[in-house]
Amino acid sequence: MDHVVLLQKILVVSFIVALFWKIIRYMCNLLHVEKEPVRILVTGAAGQIGYAIVPMIARGVMLGPDQPVILHLLDIEPVAEALNGVKMELTDAAFPLLKGVIATTDPIEACMGVNIAVMVGGFPRKEGMERKDVMSKNVSIYKAQASALEKHAAEDCKVLVIANPANTNALILKEFAPSIPEKNITCLTRLDHNRALGQISERLDVQVSDVKNVIIWGNHSSTQYPDVSHATVHTSRGEKPVRELVSDDKWLNDEFITTVQQRGAAIIKARKQSSALSAASAACDHIRDWVLGTPGNMGFHGGIF
Ligand SMILES: NC(=O)c1ccc[n+]([C@@H]2O[C@H](COP(=O)([O-])OP(=O)(O)OC[C@H]3O[C@@H](n4cnc5c(N)ncnc54)[C@H](O)[C@@H]3O)[C@@H](O)[C@H]2O)c1
Ligand SMILES: O=C(O)C[C@H](O)C(=O)O
């Protein structure tokens, strides 16, 4: 009997707490109490991906439509004027969520107090090169920036490395910033994941949002393995395995895999520059799912160690 009374009391208290929490949130919305701005570092901000990602962040694509942000933009001295141009455009776009912009060529100033670090700074490969061919140039950048992040970023800073070779640069950053928890250092493989979703949705003529749980194994490189063994599509007859719906193992085992593996090179061949808008969008997906969680029964996709 005592247990029943205790359980009833717990339920009543939980209900009251939940009710109060809802009322407080409702009042905050009513009174327009704003959340504290989140500080987001974008390195290589004067480059292609930088130019594509900063308006996405400032519009709430990364952290949601009610999360104010302060952008910390870092690039190198030779492009300082272009970086300032990006800052001017951000002012001119009058984004309501954007509470400030720091544009600098000083890594310490850039890293000061940042909660999220999107590491794009570095050199892209050109046609005919593999991603590992830019390793010697880019790895040294990550060695140098690791200590600025370690010393000056917020304690719980979440790091996303995009510059190639992304997995190696993230590993270097982890080695040279040992006090940043390992779980907070990731690299971008979400672009490969999104590319796989795009291929499946085109092939089956279904909405990309109805395709779930594709996995990319391995590095963000031409040796990666896009895996649809657990992938499903939401249909009017319920969740169906991708393999069953495609019903063409040859396509799934050959063309699908090589298309995803080689998509970066195909874009460089077509644009004479590497992917930028899809990379920026995938970076927003990565951080959004990491910080805000994934919807329903979907997994998080990112490179971790
Ligand atoms: N992981 C992925 O899915 C993915 C996707 C696309 C591109 N990338 C990689 O992202 C990187 C950037 O691509 P991009 O197209 O924006 O290149 P970009 O050349 O247009 O821009 C790179 C920027 O980084 C800056 N930079 C160079 N050294 C720096 C340093 N020490 N500190 C700060 N900034 C520095 C450059 O001045 C330039 O403005 C490349 O390495 C590219 O291969 C990765
Ligand atoms: O392919 C590249 O060099 C850029 C990027 O890694 C991509 O996959 O688009």
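Residues numbered from 1 in each chain as written. Chains lettered and ligands numbered in written order. Predicted model: local features only at pLDDT ≥ 70, side-chain atom pairs only at ≥ 80, totals over all residues. Heavy atoms only, no water.

The subject of this paragraph is the site of ligand 1. Taken together, 26 residues surround ligand 1, and among them Gln48, Asp75, Gln145, Ile162 and Asn164 come closest. In the environment of ligand 1, an oxygen atom lies 2.6 Å from a nitrogen or oxygen atom belonging to the side chain of Asp75. One nitrogen or oxygen atom from the main chain of Phe123 is found 3.0 Å from an oxygen atom belonging to ligand 1. Look at ligand 1: alone it shows 870 Å² of surface, and the protein chains cover 89% of it. Of all elements in the fold, only helix 2 (48-58) and helix 5 (135-152) reach the threshold of two or more residues within the shell around ligand 1. Per-element tally for the shell around ligand 1: the top contributor is helix 5, with three residues. (Near = heavy atom within 4 Å. Polar contact = N/O pair within 3.5 Å; in protein donor to acceptor, adjacent residues only side chain to side chain. Areas by Shrake-Rupley, 256 points an atom, 1.4 Å probe, with all protein chains shown as cover. Helix = DSSP H or I, 4+ residues; strand = E, 2+ residues; numbered from the N terminus.)

All residues in the neighbourhood of ligand 2 are listed as Arg125, Arg131, Asn164, Leu191, Arg195, His220, Gly264, Ile268, Ser274 and Ser275. Interatomic distance of 2.5 Å between a side-chain N/O atom of Arg125 and an oxygen atom of ligand 2. In this structure, Arg195 approaches ligand 2 through a side-chain N or O atom, which is 2.7 Å from an oxygen atom. Burial of ligand 2 by the surrounding chains reaches 94%, relative to a free accessible area of 260 Å². Counting only elements with at least two residues in the shell around ligand 2, the list comes to helix 7 (190-204) and helix 11 (263-271).

Once that is clear, we can look at the UniProt feature "transmembrane region" (unreviewed entry) in the chain. According to UniProt, the positions carrying the feature "transmembrane region" (unreviewed entry) are residues 6-28 and 40-58. Within residues 40-58, the helical portion is 58% and the strand portion 21%, while the C-alpha atoms at the span's ends are 10 Å from each other. (UniProt positions renumbered as here; feature names shortened; annotations may be inferred.)

This part is about the environment of Ile10. When you line up the elements, Ile10 lands in helix 1 (residues 2-30). C-alpha separation for the pair Ile10 and Asp285, spaced 275 residues apart in sequence, amounts to 38 Å.

Scanning the model with the defined rule gives one aromatic pair in all. The cationic tip of Lys158 hangs over the ring face of Trp290; the distance from NZ or CZ to the ring centre is 5.6 Å. The aromatic ring of Trp251 is capped on one face by Arg203, whose charged end is 4.5 Å from the ring centroid. (Phe/Tyr/Trp six-rings, centres within 6.5 Å; stacked < 30°, edge-to-face > 60°. Lys NZ or Arg CZ within 6 Å of the ring centre and 35° of its normal.)

A word on the sheet that holds strand 1 (residues 38-43). With respect to topology, six strands assemble into an open sheet ordered 3-2-1-4-5-6, the strand pairing being parallel. The two strands at the open ends of the sheet, each matched to only one other strand, are strand 3 (98-104) and strand 6 (185-187). Within the sheet, the average angular offset between the axes of one strand and its neighbour, ignoring direction, is 15°. For strand 4 (residues 116-119) and strand 5 (residues 158-161), the ladder comprises four bridges, and the chain directions are parallel. Bridged to Met119 within strand 5 is Val161. Most of the contacts of helix 3 (residues 80-93) go to strand 3, to which it runs at about 170°, and overall it touches strand 2 (69-74) and strand 3. (Pairing = 2+ DSSP bridges. Axes fitted to C-alpha atoms, helices over the stretch in contact; angles between N-to-C directions. Contact = heavy atoms within 4.5 Å.)

Moving on, we come to the sheet that holds strand 10 (residues 232-235). Pairing in this open sheet of three strands is antiparallel, and the strands run 7-10-11 from one edge to the other. Strand pairing shows two members of the sheet lacking a second neighbour, strand 7 (211-212) and strand 11 (238-241), which therefore form its edges. One ladder, built from two bridges, connects strand 7 with strand 10; its direction is antiparallel. Bridge pairing in strand 10 places Lys212 opposite Thr232.

Our next topic: the pairing of strand 4. The alternating pattern of strand 4 places Ile116 and Val118 and Ala117 and Met119 on opposite faces, both of which are buried. Where strand 1 meets strand 4, four bridges bridge the pair, whose relative direction is parallel. By the bridge assignment for strand 4, Ile40 is matched with Ile116. Crossover connection from strand 4 via helix 5 to parallel strand 5: handedness right-handed. (Buried < 20%, exposed > 50% of the residue type's maximum accessible area, 1.4 Å probe, protein only. Right-handed = clockwise from strand over helix to strand, strands pointing away.)

Another point: the nonpolar core. Ile40, Val42, Ile53 and Leu73 are the most contacted members of the largest nonpolar core, which totals 37 residues. Excluding residues that lie within four positions of it along the chain, Val42 makes contacts with Gly50, Ile53, Val54, Ile57, Leu71, His72, Leu73, Leu74, Val118 and Val120. Of all hydrophobic cores here, the second largest spans 25 residues; its members include Leu74, Val139, Ala166 and Ile185. (Core = buried A, V, L, I, M, F, W, Y, C linked by side-chain atoms within 4.5 Å.)

The next point concerns the pattern of salt bridges. Evaluated as defined, the whole model comprises 14 salt bridges. Here Glu127 and Lys272 are joined by a salt bridge, their closest N and O atoms 3.7 Å apart. Here Glu127, found in the loop between strand 4 and helix 5, pairs with Lys272, found in the loop between helix 11 and helix 12 (277-292); they are 145 residues apart in sequence, far enough to count as distant. One salt bridge connects Arg203 with Asp248, and the closest N-O pair in it is separated by 3.0 Å. Of the two residues, Arg203 sits in helix 7 while Asp248 sits in the loop between helix 8 (242-246) and helix 9 (249-253), which places them 45 residues apart along the sequence. Owing to a relative accessible area of 39%, Arg203 belongs among the partly exposed residues under this scheme. (Salt bridge = Lys/Arg side-chain N within 4 Å of Asp/Glu carboxyl O.)

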